Amino acid sequence: MKTSNAFFDNFQKVMNDKIVPVANKISNQRHLAALRDGLTNLVPFTVIGGLALMIANPPVNTQLVKPTNWFNDFLLMWMHWAKANYDLLATPYNLSIGIISIYVVLGVSYRLAQHYNMTAFPNSLVALMTFFAVAAPPTTVKGKLMIDTTQLGSNTMFAAIIIGLLVIEINRILIKHNIAIRMPKSVPPAVAAPFQVLLPLLINLVLFLGLNNIMKATLHTGLADAIFVVFQPLMKAGASLISMTILVEIALIFWFFGIHGDNMISAVTTPIWTAGLVQNLQEYAAHKPLTNIYVGNFTFIFGEAIVYFAIMVSMLVFAKSPQLKSLSHVAWPATLFNINEPQVFGIPTVMNLFTFIPSFICLLIDMPIAYYATTLGLMSKTAMSVPWTLPAPLYAIISTLDWRAGVVWLIIFAIDFAIIAPFMIAYDRQLIKDNSNETSTEK
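This text gives an overview of the structure that appears in the document. Source: prediction; values computed, not measured. (Residues numbered from 1 in each chain as written. Predicted model: local features only at pLDDT ≥ 70, side-chain atom pairs only at ≥ 80, totals over all residues. Heavy atoms only, no water.)

Points about a nonpolar patch on the surface
A cluster of nonpolar residues, Trp70, Phe71, Phe74 and Met77, forms a patch on the protein surface that exposes about 510 Å² of accessible area. With respect to the secondary-structure elements, Phe71 resides in helix H4 (residues 70-84). (Patch = residues over 30% accessible without salt bridge, like charges linked within 9 Å, V, L, I, M, F, W, Y side chains within 5 Å. Areas by Shrake-Rupley, 256 points an atom, 1.4 Å probe, with all protein chains shown as cover. Salt bridge = Lys/Arg side-chain N within 4 Å of Asp/Glu carboxyl O. Helix = DSSP H or I, 4+ residues; strand = E, 2+ residues; numbered from the N terminus.)

Written out as structure tokens, the structure reads:
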């Protein structure tokens, strides 16, 4: 037992002294933090856009659904109504997911400018105009000046990220070396700030337009398209079962040490999963087969959410110790809505091998089951973005628009429960024993 404790203490020391500081530096690196925080701002837009898309495109096959009962009548009525009002219903989607790269370049550049204590909004507008000039310059069509919005979706999202970061870095260097128009001190800051970015705006436009035209002349592809090609391997890595399982397990290890694991890996996963989600939504809107599996909250809903739900149900069914019994009665509503902090710090799962070991095993099982259930066509791929606080089984069904996803979720839950329950029973008995020893000592 002493050897085991010594190994555990040494492992904890290595984590705290070596790994955690490095992970914190990576997570808080200014460009990665700007990327993470900037893309987090997109969540409301993807949710609203996804809901609008679902309403405008009912999951109804008119060849299979016949008016034989009231439910089928409702589905067919929904389909006819959606077709008649498609342009109106799809407006939130077209103004969110359809032009998602606009929000990306604004969010990422704004956050990085904030980090440098620059005037964030004028500088983010510089990034936006530069991005437009490269990715979707206005063209004249039948005498009208138009912007091709198809160049503002997932296909230019990585270009939006790169341009947003580079423009702010260029602006920072120019302003730092006083290469900017300076207004008299008597001019209010709100009036002077836009003039500070006037010269940087001109320089950025010349640089990026020049680079874009050179690439078109020599490589026959624009800058935005070239960036998309470069980042395609990253998207493929996001579809890898092995890489995603490793990342999920790393997040669990951080949670074990009381560190927000999801935040630690979000700098890596957020751009991949967001781009994949947007691509899936656009393919769904175009009635094309969906490409990506690991998008949005897929790994959370079919992984961590099931694990914590299994832990909660184990407590509700088997807990006899005052600590776990009372916690299970108080924390289950939060767990139902995927809010797991009461368990993390109440059980606690932090520094607790009774919960860590089965959770680690479960995730090694959960990820392959969800992955292969999708690739084998046993459930559909994620097609919708919905709030992460939606109860997990319902989230699985709505996000995939497939009731079979709920069945897969329940199967994984049953497996996790069978693995976790013995550990929770043992932990519960340990708590009862500890309480008895404390009572005896006090007497």
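Structural notes on the layout of surface pockets
Size it by volume and the largest pocket reaches roughly 1,100 Å³. Among the elements that take part in the lining of the largest pocket, helix H14 (residues 261-285) stands out by supplying nine residues, more than any other. The residue inventory of the lining of the largest pocket, partitioned by class, reads 23 nonpolar, 15 polar and five charged. Per-domain counts for the lining of the largest pocket show at least three residues from each of domain 1 (26-231) and domain 2 (239-437). (1 Å grid on protein atoms, 1.4 Å probe; cavity = no way out; pocket = protein on both sides within 12 Å on 5 of 7 lines; lining within 4 Å. Points joined across faces, edges and corners; volume = space filled by probe spheres on them. Nonpolar A, V, L, I, M, F, W, Y, C, P; charged D, E, K, R; others polar. Domains from an automatic or database assignment.)

A look at the pattern of salt bridges
Overall, the coordinates contain three salt bridges when judged by the stated rule. The partner of Arg36 in a salt bridge is Asp37, and the shortest N-O contact between them spans 3.2 Å. Since its relative accessible area comes to 14%, Arg36 is described here as buried. Among the salt bridges present, the one from Arg404 reaches Asp402, with a minimum N-O distance of 2.9 Å. Classification of Asp402 by relative accessible area gives buried; the value is 6%. (Buried < 20%, exposed > 50% of the residue type's maximum accessible area, 1.4 Å probe, protein only.)

Here's the deal with unusual backbone geometry
The backbone phi angle of Asn117 is positive, close to 60°, even though this residue is not glycine. With respect to the helices, strands and loops of the structure, Asn117 is situated in the loop between helix H7 (100-115) and helix H8 (120-135). Accessibility expressed as a relative area gives 72% for Asn117, which makes it exposed. In this structure, Leu401 is a non-glycine residue whose phi angle is positive, near 55°. The topology assignment puts Leu401 in the loop between helix H19 (392-400) and helix H20 (403-442). A residue is classified by how much of its surface remains accessible, and Leu401, at 25% relative accessible area, is partly exposed.

Considerations on the nonpolar core
Counting residues in each nonpolar core, the largest one holds 57 residues, and the members touching the most others are Leu53, Val104, Phe131 and Leu281. Listed by contribution, the elements that provide at least two residues to this core are helix H2 (30-40), helix H3 (43-56), H7, H8, helix H9 (157-176), helix H11 (198-218), helix H12 (223-237) and H14. Top contributing element to this core by residue count: H9, with 10 residues. Counting the residues that make up this core, at least three belong to each of domain 1 (26-231) and domain 2 (239-437). Sequence-distant contacts of Val104, that is, excluding residues within four places in its chain, are made with Leu39, Leu42, Met157, Ala160 and Ile161. Counting residues in each nonpolar core, the second largest holds 52 residues, with Met244, Phe302, Val313 and Ile347 among its members. (Core = buried A, V, L, I, M, F, W, Y, C linked by side-chain atoms within 4.5 Å. Contact = heavy atoms within 4.5 Å.)

As far as function goes, none of this settles anything; it's purely spatial.
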